[in-house]
Amino acid sequence: MKMFSTAARLFMTATLALATISVNAQDKFRVCADPLNPPYSTKEQTGYENKIAALFAEQLGQELEYTWLPERIGFIRNTLKAENDNGEGFKCDVVMGVPAGYDLTDTSKPYFHSTYVLLIAKGRGWDDIKDSAQLANLPLDRQEKLKIAMFDRGPGTEWLQKSGLLEQGIPYQSMTGDSEHNTAMQIEKDLRAKKIDMVILWGPMAGYVQSQAPKGSYIAIPMQSSPGLKFDFSIAVGLRQGDNKRKQQLNELIDKNLDKIQAIIAGYDIAVLPIPADTGKKDDD
């Protein structure tokens, strides 16, 4: 999933400043986002989070304004919780996609729920795989031929470990540090170049990879959560702790526009699950 780092030391400053800010007094819907992070956001505003933000701004009759910063370590600290250079207010008011219950921000109610997906490139000797459990039970000579991406963290890597497949993993960083390719773009490029044949990706990223190839190029197997290994998560809008008026406003927007939001997300080939009633806290993987 998308990555954020801790910024708890700014919490008190943010909370005190919020007391002087009236949501109703603002005429802009101010978003912090990564300028090159498909399918979430792009500077051209082609990501699904861009479109949901535009929908909310339109409904509020506000101008949509972005502060752009690559999503790396310190993103929340340097955006949502960072004051403007003139000391008046913050760089933005919302981050459009964070895990529901995220501990670095307050969060709205969730607006969609997805799961990690095992993506397998067709035509490379793995077209018989219909369930992720098959990989763990392959004959040794086939297991040794696996070329599966393995990230530095996340449930996919934990699954590989529990399945005895770590030695077959090809290492990747969760954040590329590449100014021209985000993680989804890098994985898509390497799948196309046959450096890897398969990968376990968060639902939106898996949808992006599939969207870059002719339809039917991949086998897509949604991963199933099990006790001790969770693959599915709810996504919400992140905002500063204590910004209760804006939180109420966002929750009302989500309730009012849930069908439109889901229609936007459906256009990105994302595996979507029903939003569960319990959207407990989520870690930062």
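Predicted model, so just to flag it, every value in this text is computed and none were measured. (Residues numbered from 1 in each chain as written. Predicted model: local features only at pLDDT ≥ 70, side-chain atom pairs only at ≥ 80, totals over all residues. Heavy atoms only, no water.)

Observations concerning the overall build of the protein chain
The following threshold applies: Put simply, DSSP H or I for four residues or longer makes a helix, DSSP E for two residues or longer makes a strand, and each gets a number counted from the N terminus. Any residue under 20% of the maximum accessible area for its type is buried, any over 50% is exposed, and the rest in between are partly exposed; the area is computed with a 1.4 Å probe on protein chains only. Residue contacts are counted whenever heavy atoms from the two residues lie within 4.5 Å of one another.
Each helix and strand counted, the protein chain has nine helices and 14 strands in total. The burial tally for the protein chain puts 52% of its 285 residues in the buried class. The long-range share in the protein chain, meaning contacts at least 24 apart out of those at least 6 apart in sequence, stands at 75%.

Re the nonpolar core
The test is simple: We call a set of buried Ala, Val, Leu, Ile, Met, Phe, Trp, Tyr and Cys residues a nonpolar core when their side-chain atoms join them within 4.5 Å.
Within the largest apolar cluster, 67 residues are counted, with the highest numbers of intra-cluster contacts made by Tyr48, Phe56, Tyr111 and Ile187. Discounting residues that sit within four places of it in the chain, Ile187 has contacts with Ala149, Phe151, Tyr172, Ile196, Val199, Leu201 and Val209. Counting residues in hydrophobic clusters, the runner-up holds nine residues, among them Cys32, Phe75, Ile76 and Val95.

Re the confidence of the model for the protein chain
We apply this condition: Each residue carries a pLDDT score, the predictor's own confidence in it, on a scale running from 0 to 100.
With 87% of its residues at a pLDDT of 70 or more, the protein chain shows a mean pLDDT of 89. When the criterion is pLDDT under 50, residues 3-25 qualifies, and its contacts beyond four places in sequence or with other chains add up to 49 contacts. Of the regions scoring below 50 in pLDDT, residues 281-285 engages in 19 contacts with residues more than four places distant in sequence or in other chains.

Concerning the state of the cysteines
The line we're drawing: Any pair of cysteine sulfurs within 2.5 Å is marked as a disulfide.
Scanning the entire structure with this criterion turns up one disulfide. Bridging Cys32 to Cys92, the disulfide has an S-S length of 2.1 Å. Between Cys32 and Cys92, the S-S dihedral sits near -115°, and the bridge is therefore left-handed. Of this pair, Cys32 sits in strand β1 (residues 28-33) while Cys92 sits in the loop between α3 (75-78) and β5 (94-99), placing them 60 residues apart in sequence. Of the two residues examined, Cys32 and Cys92, each falls in the buried class.

Examining the pattern of salt bridges
As a reminder, the rule being used: A carboxyl oxygen of Asp or Glu within 4 Å of a side-chain nitrogen of Lys or Arg is what we treat as a salt bridge.
Under the defined criterion, the tally for this structure stands at 14 salt bridges. A salt bridge links Asp93 to Arg30; the nearest nitrogen and oxygen atoms lie 2.9 Å apart. Taken together, the positions of Asp93 in the loop between α3 and β5 and Arg30 in strand β1 put the pair 63 residues apart, joining distant regions of the chain. Pair check on accessibility: Asp93 and Arg30 agree, each one buried. In this structure, Asp85 engages Lys91 in a salt bridge whose closest nitrogen and oxygen atoms are separated by 3.7 Å. The exposure class assigned to Asp85 is exposed, which follows from its relative accessible area of 81%. Judged by relative accessible area, which is 23%, Lys91 ranks as partly exposed.

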